[in-house]
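# Architecture at a glance
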Amino acid sequence: MSKQAINPSRRKYLITSGKLLGFVLLLGEIDIAWGAKILGVRVWPSEDYTRITLESDKPLPITQQILTNPDRLVVDVQGLELNPTLKDLVAKVKPNDPYVSQIRVGQFQPGIVRLVFDLKEPIKPQLFTLDPIGEYNYRMVFDLYPSTPPDPLMELVKSSSRKETALAKSNEEVDLIAQFAAKKDLPKTPAAPPVAQAIPDIKEAPAPAKYKRLITIAIDPGHGGEDPGAIGTMGSKEKNVVLSIAKRLRDKIEGESYMRPFLTRDGDYFVPLNVRVQKARKVEADLFVSIHADAFIQPHAKGASVFALSQLGASSSMARWMANKENASDLIGGINIKTKDQQVANLLLDMSTTAQIKDSLQVGNSILKQIGGFAPLHKGKVEQASFAVLKAPDIPSILVETAFISNPQEEARLNDDGYQDRIAEAILKGIKEYFSKNPPVARRVNS
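The model shown is predicted, which means the values in this text are computed figures rather than measured ones.

Thresholds applied
Residues numbered from 1 in each chain as written. Predicted model: local features only at pLDDT ≥ 70, side-chain atom pairs only at ≥ 80, totals over all residues. Heavy atoms only, no water. Helix = DSSP H or I, 4+ residues; strand = E, 2+ residues; numbered from the N terminus. Buried < 20%, exposed > 50% of the residue type's maximum accessible area, 1.4 Å probe, protein only. Contact = heavy atoms within 4.5 Å. Areas by Shrake-Rupley, 256 points an atom, 1.4 Å probe, with all protein chains shown as cover. 1 Å grid on protein atoms, 1.4 Å probe; cavity = no way out; pocket = protein on both sides within 12 Å on 5 of 7 lines; lining within 4 Å. Points joined across faces, edges and corners; volume = space filled by probe spheres on them. Nonpolar A, V, L, I, M, F, W, Y, C, P; charged D, E, K, R; others polar. Pairing = 2+ DSSP bridges. Axes fitted to C-alpha atoms, helices over the stretch in contact; angles between N-to-C directions. Core = buried A, V, L, I, M, F, W, Y, C linked by side-chain atoms within 4.5 Å. Parallel < 35°, antiparallel > 145°, perpendicular 65-115°, else oblique. Left-handed = near helix turned anticlockwise from the far one by under 90°.

## What to know about the overall build of the chain
Across its full length, the chain holds 14 helices and 14 strands. In the chain, which comprises 447 residues, the share counted as buried stands at 48%. Pairs at least 24 residues apart make up 74% of the contacts formed inside the chain by residues separated by at least 6 positions. Of the roughly 21,900 Å² that the chain leaves accessible, carbon and sulfur atoms contribute 54%.

## A few points about empty space enclosed by the protein
Across all of its chains, the model carries three cavities of 30 Å³ or more by this definition. Around the largest cavity sit 14 residues that line it, and Leu 273, His 292, Glu 326, Ser 329 and Val 389 are the ones nearest its centre. If you list the elements that add at least two residues to the lining of the largest cavity, you get helix H8 (273–282), strand E11 (287–292) and helix H9 (317–327). Here the residues of the lining of the largest cavity are counted per class, giving five nonpolar, six polar and three charged.

## Remarks on the sheet that holds strand E14 (residues 397–401)
One open sheet holds the six strands; their spatial order is E10-E9-E11-E14-E12-E13, and the pairing between them is mixed. The sheet is open, and its two borders are formed by strand E10 (259–263) and strand E13 (383–385), each paired with just one other strand. Ignoring which end each strand starts from, the neighbouring axes of this sheet average 30° apart. Lying on the sheet, helix H14 (residues 417–437) is in contact with strand E9 (215–221), E10, E11 and E14; it crosses E11 at an angle near 160°.

## Quick notes on the sheet that holds strand E4 (residues 72–78)
A sheet is described by the order of its strands in space; here four strands give the open sequence E3-E4-E6-E5, paired in antiparallel fashion. Only two strands of the sheet have a single neighbouring strand rather than two, namely strand E3 (62–67) and strand E5 (100–109). Within the sheet, the average angular offset between the axes of one strand and its neighbour, ignoring direction, is 15°. Summarising the sheet, E4 and strand E6 (residues 112–119) pair through seven bridges and their orientation is antiparallel. If you follow Val 74 over to E6, its bridge partner there is Val 116.

## Quick notes on the nonpolar core
Looking at soluble globular proteins, one finds that nonpolar side chains tend to be buried together. The biggest cluster of nonpolar side chains holds 44 residues, and the ones touching the most others in it are Ile 217, Val 289, Ile 291, Ile 367, Ile 427 and Ile 431. With sequence-adjacent residues up to four places away left out, Ile 367 is seen in contact with Val 306, Ile 398, Val 400, Ile 427, Gly 430 and Ile 431.

## A short note on the packing of helix H12 (residues 354–371) against H14
At their nearest, the axes of H12 and H14 sit 8 Å apart, and the two run at 135° to each other. One finds that H12 runs oblique with respect to H14. For the crossing formed where H12 meets H14, the hand is right-handed. Residue-level contacts link Asp 359, Gln 362, Val 363, Ser 366, Ile 367, Lys 369, Gln 370 and Ile 371 of H12 to Ile 423, Ala 426, Ile 427, Lys 429, Gly 430, Ile 431, Glu 433 and Tyr 434 of H14. Residue composition of the contact of H12 with H14, grouped by class: eight nonpolar, four polar and four charged.

## Digging into the layout of surface pockets
Counted as a void, the largest pocket has a volume near 1,200 Å³. Every residue lining the largest pocket is counted, 42 residues in all, and those nearest its centre are Asp 48, Pro 150, Val 275, Lys 279 and Lys 282. Of all the elements in the fold, those that place two or more residues in the lining of the largest pocket are strand E7 (123–130), strand E8 (138–146), helix H4 (152–159), helix H7 (238–254), E10 and H8. It is H8 that provides the largest number of residues to the lining of the largest pocket, a total of five residues. For the lining of the largest pocket, the residue count by class is 17 nonpolar, nine polar and 16 charged. Size it by volume and the second largest pocket reaches roughly 510 Å³. What lines the second largest pocket is a set of 22 residues, and nearest its centre among them are Arg 213, Asp 286, Asp 394, Val 441 and Arg 443. If you list the elements that add at least two residues to the lining of the second largest pocket, you get H12 and H14. With three residues, H12 is the single largest residue contributor to the lining of the second largest pocket.

Written out as structure tokens, the structure is:
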């Protein structure tokens, strides 16, 4: 029997009468034409927030309510019947999830599935839907943010307090020696050894510098979570490769007595482009380094690249193509358009200054030179394009394409521990060279 052959009044009676047998028979006759099919369920936990995604072949209306004592989020999804894929959502919650202790799924009413999120603490949920894009169909997204979000700057200060104290003590010793030399009318060269001791390997830098405070490096592993980035022929995902390189760079920076690292993401979860910039600004970063391993339409494209922001136009068609591709990350990863701070986004665009770009080109050239010492380069100079993630107005910002994951040879290299380590080391050496010539100024203390 076709759907058209069913009398509308009869269908309404069967559905609302509560006669389960008649309802099931009807569903069988119309093949659930009015319902939707769940294609996949995913859970992405992180300290920032936990994201739950339901992917379906049709858009689905949802309603929500927050309950307390105990804390839980109740979501009703209409036009849906419980199936094994939905039940899998229960097993996807891990014990280390910061905000969700468990998820309960059940058929609340015919055509309505109820999801109950048992919470570990109060949250501020954002529920929204996404239209199909790329390989994704319709998505329902539940972003569960903590009511009291963590302060990244405070966490960074706590983790680096011992290093900050050691640097301050070293600077005091240098100042005392300099004062003593001035009083005795002696040469000030004795101050050099303590500086070299306080700053390891400074002898490698072209011009020694004395650092009054720790230098904060924001490391930004591209993509994550719903956004895998580029995918190589062997199935390697850009998001995983660049996170591994970023963590190697973090560990190397942590080993420097005058630097401290900050990761915009430290796990497999999605961070919107503007939030990556905001995070770097919140921790008062001195440099923003976004790490990628992109793909190109031609599999023979190869070589590492470094990009800085351009306010005018892209320096090449490749740079323009790359920027457009990276800027589409928000659409793939999924952002709540209704809550995106467009004013902030416009402010970042308008305030991107010539000075920021000039500094970015300097540090970019230092890093590119270091990478070129052992790896092929796609271009011998820093390229420029309008990358959204590089638009912090007051932070030198670069994007490093470590290699083309779409090239089979370079994909293999990107999965090699040795190559990842050399890339991280090259980025670090470029950073050190730049700051030896451009030491950061002291922070202003608000009165």
